[in-house]
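What the coordinates show
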Amino acid sequence: MSIQKNIQNIRQHIPTDVKLVCVSKFNPNEAIEEAYSCGERIFGESKVQEMCGKYESLPKDISWHFIGHLQTNKIKYIVPFVSLIHGVDSYKLLIEIDKQATKINKKVNCLLQVHIAREETKFGFSEDELIDILSGNEWKELKHIQICGLMGMATFSENQDQIRDEFRTLKYLFDKLKSDFFVNDKSFKEISMGMSDDFKLAIDEGSTMVRIGSSIFGHRLY
Ligand SMILES: *Cc1c(COP(=O)(O)O)cnc(C)c1O
């Protein structure tokens, strides 16, 4: 199947108010150009160096989303051009992003990653950790970050009920944080959940942003 066919197929299942992040990691520029020619403008990458290289050589109206695990010493390379950082999984990282963004007087959009999977290996905050951080006033001093919502990854599993449960947990937490800490903040509106295998479930459960890679570009060659 061609990238164009894949996109047409996937687009049929995505309501217009849900954003599609085309996860282009490990795929060459030509693959991104093909998706771009279908009208796609949001691309997700998980490695800093790879994203910087693609940013340099591809059209400037692309929104680059960083979806990987970000190391503090590499933040400065992506801050100038990144549209959204999905995987902010520690307070230290948030402080560091703010610091780098302050240097160039930019406000960087971030999602807080929540650990919703039962697996041990996935990164992210627990609900208690988030409430702890947001209850304090310290984070409000970070003037160069914008917290736009939450991001989560479900367990890698065949069990649809479990996956649905995990997405539901994220949506529930989003609603709770929205009313407790962001009630007047219009920017806090995104729930980034759903990948190739589970995006329909995620949309059912309230996702506003799906991150789809292999169903668009085929299996990645690492
Ligand atoms: C790779 C990746 C995706 C895309 O996964 P697919 O199963 O290929 O759609 C989505 N989100 C994150 C965080 C990823 O690392």
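Because the structure is predicted, anything quoted here is derived from the model rather than measured. (Residues numbered from 1 in each chain as written. Predicted model: local features only at pLDDT ≥ 70, side-chain atom pairs only at ≥ 80, totals over all residues. Heavy atoms only, no water.)

1. Some remarks on the site of the ligand
Val23, Lys25, Ile67, Met151, Met153, Met195, Ser196, Arg211, Ile212, Gly213, Ser214 and Arg220 make up every residue found near the ligand. For the ligand, a nitrogen atom lies 2.8 Å from a polar atom in the side chain of Arg211. Within the contact set of the ligand, an oxygen atom lies 2.8 Å away from a backbone nitrogen or oxygen of Gly213. For the ligand, whose unbound accessible area comes to 380 Å², protein coverage reaches 90%. Residue composition of the shell around the ligand, grouped by class: six nonpolar, three polar and three charged. (Near = heavy atom within 4 Å. Polar contact = N/O pair within 3.5 Å; in protein donor to acceptor, adjacent residues only side chain to side chain. Areas by Shrake-Rupley, 256 points an atom, 1.4 Å probe, with all protein chains shown as cover. Nonpolar A, V, L, I, M, F, W, Y, C, P; charged D, E, K, R; others polar.)

2. Looking at the nonpolar core
Ile14, Ile78, Leu94, Ile97, Leu150 and Ile216 are the most contacted members of the largest nonpolar core, which has 64 residues in total. In terms of nonpolar packing, the next biggest core, distinct from the first, is built from seven residues, Val21, Leu84, Leu111 and Cys148 among them. (Core = buried A, V, L, I, M, F, W, Y, C linked by side-chain atoms within 4.5 Å. Buried < 20%, exposed > 50% of the residue type's maximum accessible area, 1.4 Å probe, protein only.)

3. Things to note about the pairing of strand S2 (residues 42-45)
Alternating residues of S2 divide into Ile42 and Gly44 and Phe43 and Glu45, and every residue in both groups is buried. Across two bridges, the pairing between strand S1 (residues 19-23) and S2 is parallel. Residue Cys22 lies in a different strand from S2, and its bridge partner there is Phe43. Read as a crossover between parallel neighbours, the route from S1 over helix H2 (residues 29-37) to S2 is right-handed. Looking at chain direction, S2 and strand S3 (residues 63-66) are connected through four bridges and run parallel. (Helix = DSSP H or I, 4+ residues; strand = E, 2+ residues; numbered from the N terminus. Pairing = 2+ DSSP bridges. Right-handed = clockwise from strand over helix to strand, strands pointing away.)

4. What about helix H5 (residues 91-103)?
Compared with an ideal rise of 1.5 Å per residue, which puts 13 residues at 18 Å, H5 spans 19 Å between its outermost C-alpha atoms and is within 8% of the ideal. Within H5, the full set of buried residues consists of Tyr91, Leu93, Leu94, Glu96, Ile97, Asp98, Gln100 and Ala101. Residues of H5 that are buried make contact with helix H4 (75-78), strand S4 (84-88), strand S5 (108-114), helix H6 (127-135) and strand S6 (145-152). Once H5 finishes, Asn105 follows within two positions and takes phi at roughly 50°, a positive value. (Expected span 1.5 Å × (residues − 1). Contact = heavy atoms within 4.5 Å.)

5. Thoughts on the environment of Glu34
The residue Glu34 is located in helix H2 in this model. Look at Glu34 and you get partly exposed, because its relative accessible area is 32%. Taking the C-alpha atoms as reference points, Glu34 and Ser2, separated by 32 residues in sequence, lie 9.2 Å from one another. In this structure Glu34 touches Ser2, Ile3 and Gln4, once residues within four positions along its chain are discounted.

6. A look at the pattern of salt bridges
A pair can form between side chains of opposite charge whenever their charged atoms are brought close. Enumeration according to the criterion identifies 11 salt bridges in this entry. Between Glu96 and Lys99 there is a salt bridge, with the nearest N and O atoms lying 3.9 Å from each other. Of this pair, Glu96 and Lys99 are both found in helix H5, three residues apart, which corresponds to roughly one turn of the helix. For Lys99, a relative accessible area of 44% corresponds to the partly exposed category. Residue Arg164 pairs with Asp204 through a salt bridge whose shortest N-O separation is 3.7 Å. (Salt bridge = Lys/Arg side-chain N within 4 Å of Asp/Glu carboxyl O.)

7. Considerations on the packing of aromatic side chains
A complete count under the given rule lists five aromatic pairs for this structure. With a centroid separation of 4.9 Å and an interplanar angle of 5°, the aromatic rings of Phe174 and Phe188 are classed as stacked. With a gap of 14 residues between them, Phe174 in helix H7 (residues 160-181) and Phe188 in the loop between H7 and strand S7 (190-192) connect regions that are remote in the sequence. Residue Phe174 is classed as buried on the basis of its relative accessible area, which comes to 7%. Ring geometry for Phe182 against Phe188: centres 3.9 Å apart, planes inclined by 0°, an arrangement best described as stacked. Its relative accessible area of 2% is what places Phe182 among the buried residues. (Phe/Tyr/Trp six-rings, centres within 6.5 Å; stacked < 30°, edge-to-face > 60°.)

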